[in-house]
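Here are the chains, one letter per residue:
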Amino acid sequence: MSDSGFGADTITRTVLGRRSFMKWSAAAGGAAALAGGGLGFGLQWADRAAAQSDATVIPTGCAHNCGGRCAIRAWVEDGRVTRIETDQRPDSFEDPQLRACMRGRTNRERLYHPDRLKYPMKRVGDRGSGEFERISWDEALDTVAAEMTRIMDEYGPESMYNNYATGGGSTMRGSVNATRLMNLFGGRLNFYNNYSWAAAQWATPYSLGTDLSGSSRDDWVNSKLILAWGFNPAEMIFGTNTQYYLKEAQKAGARIIVIDPRMTMTASAIADEWIPIRPGTDNALMDAMAYVMINEDLHDQEFLDTYTIGFDEEHMPDGIPSGNSYRSYVMGDGEDGTAKTPEWAESITMIPRDRIIRLAREFAMTKPAALIQGTGMNRRAYGEQPVRGGINLAAMTGNIGINGGWASGMGLCERGVSVGGFPAGENPVEAAIPVYLWTEAVLRGTEMGPEDGLVGVDRLPSNIKFIYNCGGNCLVNQHGDINKTTEILKDTSLCEFIVVHEHFMNASAKFADILLPAAMDLEQDDLATTWAWGESLISFSKAVEPLYEARTDYDICADLAERLGIGEEFTEGKTQEEWVREAVEVTEEAYDDFPGYDAWREEGIYVPTFDEPFVAFKDFRDDPDEHPLDTPSGKIEIFSEDIWELDREGLPAVAQYVPEWEGGPWDPLFEEYPLSCMGSHYQRRSHSTFDESPWLDEAMPQRLFMNPVDAEARGIEDGDMVRVFNDRGEVRIAVRVTPRLVPGLVDLPQGGWWQPNGDGVDVGGSVNTLTSLKPTPGAFGNAQHTVLVEVAKA
Amino acid sequence: MSTTEPVTTRLSPERWATDLVAHSLAYGFLSRAIYQEPDGGLLRTLADDDVAATWPVEGDDTDLAVGRELLHGFLREWSEELLPELRRDYTRLFIGPGIKAAPWESVYLSRDNVVFEQQTVAVRDFYHRFGLQAPRLRREPDDHLGLELAFMVHLCSLALEALESEDQRRFQWLLGAQRTFLRVHLLRWAPRCLGLVIQHAATDYYRGVGHLALGTLRRTAETLGIDPAEHAPSVR
């Protein structure tokens, strides 16, 4: 402001007193700042060199834990993502496009969401209060490094825990960085299992010697019949294009039957038929199908004699009392003396006996046929049972090791694309807990033992005192019994320090002591391989710089490593992009037609060529003596002596129907809470990721799904607000009344963000407000779909 | 709006100078209050000597009156101990998580309600025409309310310079630029954002800032002969 002419003098005469002018001028940043338009703190003189750039298209991807790994092409203009498109390559059955679904298409909205986490924050209220204050990166990282050092010194490496976190699905994703950092820093308490497949991955090897029991999906066109049993790729993806292969199979002549308590999108959009079933009773249907096959002599006795043990009394391991074969159990010659007739199963499953008989005959007489299991069933009270039960039916029909068949069980496929990874480093700690019991290890780690699934040591020297939660929501939202979990976490004398990397303020981020803003996929160089099923290698190139003060998980952990005195060990002098380059060296070696690193970066996708479908257990089928399975007998173990020796409640040595706790009228809780509650996978989310999207929320709001029969009995109408509750908690949410799920069942799609109101009622609709922390008997896995509740109009 | 009389001749040069200085003071303070986390120095400056008893921009306007009263009342009680509360309020309003009054234009005006949209680029271009750019370019959006208000300070200063050098053409052109910036940008979204500030602020300080910003924008519009209501997006 000039002092000459009209400037300050005029003002002071006419409007403001001089003193007031001077003060306001100071408040506005000083006269110098005013003259330059707030240049003291806000706008700057423009850098003339910063010319606008033309639009470019950057190949990257969408990698979350839906199992899809899909192509994203980001249009970038002047440092800004203006539009997202997906795979534009030619589309063919041999090499189908890796097209992103509606979740993937919201990546730009995710990137530019106004409520993204922007700066490092420290907790200023009570833990879990969600009150944070912006701090500098230096203060944040100094604090984390100091706490890691203090807790490591005070309690030892078994007190340090890197929580399960799969919000990202790329090779350089957050949790891998935290694992490497903690391993190099002196170790951490290990976990085994995951939240998806604990029971399935535990149980399948008891029958088949491996959990890689799946063929490649391009073999489904060879099937004549596909039983998609609790299998719903149309909604939950399970590998990019899985529903496409299902449709191709149908086009090639396969009949597709969906068995599911919900009329899923797979049932309504793809299947020829939907057989609704009461949740948690799949083994009763399997057992009755076995009964019909045996009764009508439709089973493949020759296959069973050659390739299995434990089907009948003639093929049992030595020393097992008679009556313990699967046939004895099914035909009523076992301990319970009950024949597993279709009538018996009808009362349990709600499926009419005639339908059961027809299904058994069709599955036994249509060759080849594939019983493909989804994994929702394995997240139930006795989740080990349906996994091995499905294998029994596949074996009884001789559908294992052939084109168009399917061994059932976990069903992961051995065939994939060869690529290296980001090395996690060696963890010097031997001790490992089942992942679902980490809250127990915070609460009473030193009291845990083999009875809680602790392995590697007899006892833990410490409870968990430090948690690194890097890009995942299992700290709160996706773990069971949120009210109990958060009660444990709120007590800062138990777990003394929690650091979280996140993109948004989800339930887990709320419980951070230090909360760090992480870069998104569009903001970093990375790669992703398809998960479980599929063979592609997707290149992620940085489209834009990380917004605000967000940083990549790698850079954050590298800076922490520096502070912890292990900087060089952590980075080995490499940037993130250099680690990506190194990982792909494996691919370069493995395939002659790999175009080379630079060309692959430019094209974005590499898919190796395969001459024919991969068939799991083909070598075993062709020559069982030369290629035995990795089971104690070398055969398919319908009866498992190893499980027999475990001798655990709810864990029979032959798969069978076990009535669930919180399963039905036999549980006293049923009187008060007569509805079964599941948390299905919702198309709008990948678990809890994408719940922040207003687009997807509008398309598919979080709701409770309920059958009209149950709604009417409670005076509830479509759209009403309802209370969903049990002894563990209460959710308040709008209801969708629909016949697309069986009576007696309500569905609160998993992944909604927990938002307690003042009374502790969750108005965000996380199903885990209602779920139990009780594990499955074999794997100590999560049984989050076995829940009893009551619903009332709010 | 159209008028036969150039807006620049409606007021005397002295009166224009007064107005421009007053507005640049007001926008300078508002810009700083909204763009930066609260700092003790600024608050002390304001609290000392009862600065807030006056507001540089005069006028018979409810928002100005209410805002002045709220700010004045808050500053009378000011002590450093209130700073953490003020910081929490700022964080909730303008940073998040759980952001209550997202301070970026494109969040209000773009189809998808996100940051870094066409509006952001248009504002960037506007700044650039006057030789300015946002700090942390491409990392943080250019159309932050605090930056747009800072840009108003710059436009006021340039106009004042033109006035002092008696360059009528340039003066008129600069007022035109202010009018365009207000009509195309600030007036189209700032009232909605400031409404959210007033609604969600937990302290009288930010409630006061919200009212003062609303009132000041309205006064600027009036001075420049713009009907603010004309430029607010219609609500169906």
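Residues numbered from 1 in each chain as written. Chains lettered and ligands numbered in written order. Predicted model: local features only at pLDDT ≥ 70, side-chain atom pairs only at ≥ 80, totals over all residues. Heavy atoms only, no water.

1. Side note on the sheet that holds strand β5 (residues 121-123) of chain A
Residue and element names in this part refer to chain A.
Stage number 1. In space, the 6 strands of this open sheet follow the order β6-β5-β17-β16-β15-β7, with mixed pairing throughout. Edge positions in the sheet fall to β6 (132-134) and β7 (160-162), since each has one partner strand and no second. Recorded for the sheet is a direction-independent mean angle of 20 degrees between the axes of neighbouring strands.
Stage number 2. By the bridge criterion, 5 bridges tie strand β15 (residues 466-470) to strand β16 (residues 497-502) in an arrangement that is parallel. Residue pairing in the sheet places Y468 in a bridge with V499 of β16. (Pairing = 2+ DSSP bridges. Helix = DSSP H or I, 4+ residues; strand = E, 2+ residues; numbered from the N terminus. Axes fitted to C-alpha atoms, helices over the stretch in contact; angles between N-to-C directions.)

2. Some words on the sheet that holds strand β9 (residues 225-229) of chain A
Strands in a sheet are paired, the pairing made by backbone hydrogen bonds, and the direction either parallel or antiparallel.
Residue and element names in this part refer to chain A.
Stage number 1. Pairing is parallel across the open sheet formed by 4 strands, whose spatial order is β11-β10-β9-β13. What marks the edges here is a single partner per strand, and that holds for β11 (273-275) and β13 (369-373). Direction aside, neighbouring strands of the sheet carry axes that sit 20 degrees apart on average.
Stage number 2. Sheet analysis places β9 next to strand β10 (residues 255-259), joined by 5 bridges and oriented parallel. Within β10, the position partnered with L225 by the bridge is R255.
Stage number 3. Helix α12 (residues 282-295) rests against β9, β10 and β13 of the sheet, and its axis sits at about 150 degrees to β9. (Contact = heavy atoms within 4.5 Å.)

3. Digging into the domain arrangement of chain A
How big an interface is tends to be reported as the loss of accessible area on association of its parts.
Residue and element names in this part refer to chain A.
Stage number 1. What the domain assignment reports for chain A is domain 1 (1-41), domain 2 (121-196 + 425-537 + 544-575), domain 3 (211-409 + 629-638) and domain 4 (668-793).
Stage number 2. Put simply, the middle of domain 2 and the middle of domain 3, counted by C-alpha atoms, are 39 Å apart.
Stage number 3. Contacts between the two partners involve 6 residues from domain 2, matched on the other side by 12 residues from domain 3.
Stage number 4. In this assembly, domain 2 packs against domain 3 so that about 690 Å² is buried in total across both faces, 68% of it on carbon and sulfur atoms.
Stage number 5. Counting the surface domain 2 buries against domain 3, the share from its top three residues, S196, W531 and W533, is 80%.
Stage number 6. Taken together, the connections running from domain 2 to domain 3 amount to 0 salt bridges.
Stage number 7. Scanning the region where domain 2 abuts domain 3 turns up 2 residue pairs in polar contact (both at pLDDT 80 or more). (Domains from an automatic or database assignment. Buried area = accessible area lost by both parts, 1.4 Å probe. Salt bridge = Lys/Arg side-chain N within 4 Å of Asp/Glu carboxyl O. Polar contact = N/O pair within 3.5 Å; in protein donor to acceptor, adjacent residues only side chain to side chain.)

4. Focus on a negative patch on the surface
Stage number 1. On the surface, E414(A), D619(A), D623(A), D625(A) and E626(A) cluster together into a negatively charged patch.
Stage number 2. Residue placement: E626(A) occurs in the loop between α24 (618-622) and β21 (636-637). (Patch = residues over 30% accessible without salt bridge, like charges linked within 9 Å, V, L, I, M, F, W, Y side chains within 5 Å. Areas by Shrake-Rupley, 256 points an atom, 1.4 Å probe, with all protein chains shown as cover. Lys, Arg positive; Asp, Glu negative; His and termini not counted. Charge placed at Lys NZ, Arg CZ, Asp CG, Glu CD.)

5. Remarks on the nonpolar core
Stage number 1. F29(B), L186(B) and Y205(B) are the most contacted members of the largest nonpolar core, which has 112 residues in total.
Stage number 2. For L186(B), the residues in contact, after removing those within four places along its chain, are L145(B), E148(B), L149(B), M152(B), F181(B), P191(B) and L217(B).
Stage number 3. By size, the runner-up hydrophobic cluster in this structure holds 57 residues, among which are L227(A), I257(A), A284(A) and L371(A). (Core = buried A, V, L, I, M, F, W, Y, C linked by side-chain atoms within 4.5 Å. Buried < 20%, exposed > 50% of the residue type's maximum accessible area, 1.4 Å probe, protein only.)

6. Concerning the interface of chain B and chain A
Stage number 1. Contact with chain B, which involves 69 residues of that partner, is made by 61 residues of chain A.
Stage number 2. Summed over both sides, the interface of chain B with chain A buries roughly 5800 Å², with 62% coming from carbon and sulfur.
Stage number 3. The interface formed by chain B and chain A contains 7 salt bridges.
Stage number 4. When the shortest N-O distance is used, the salt bridge between D78(A) and R124(B) registers 2.9 Å.
Stage number 5. On the surface where chain B and chain A come into contact, there are 18 residue pairs in polar contact (both at pLDDT 80 or more).

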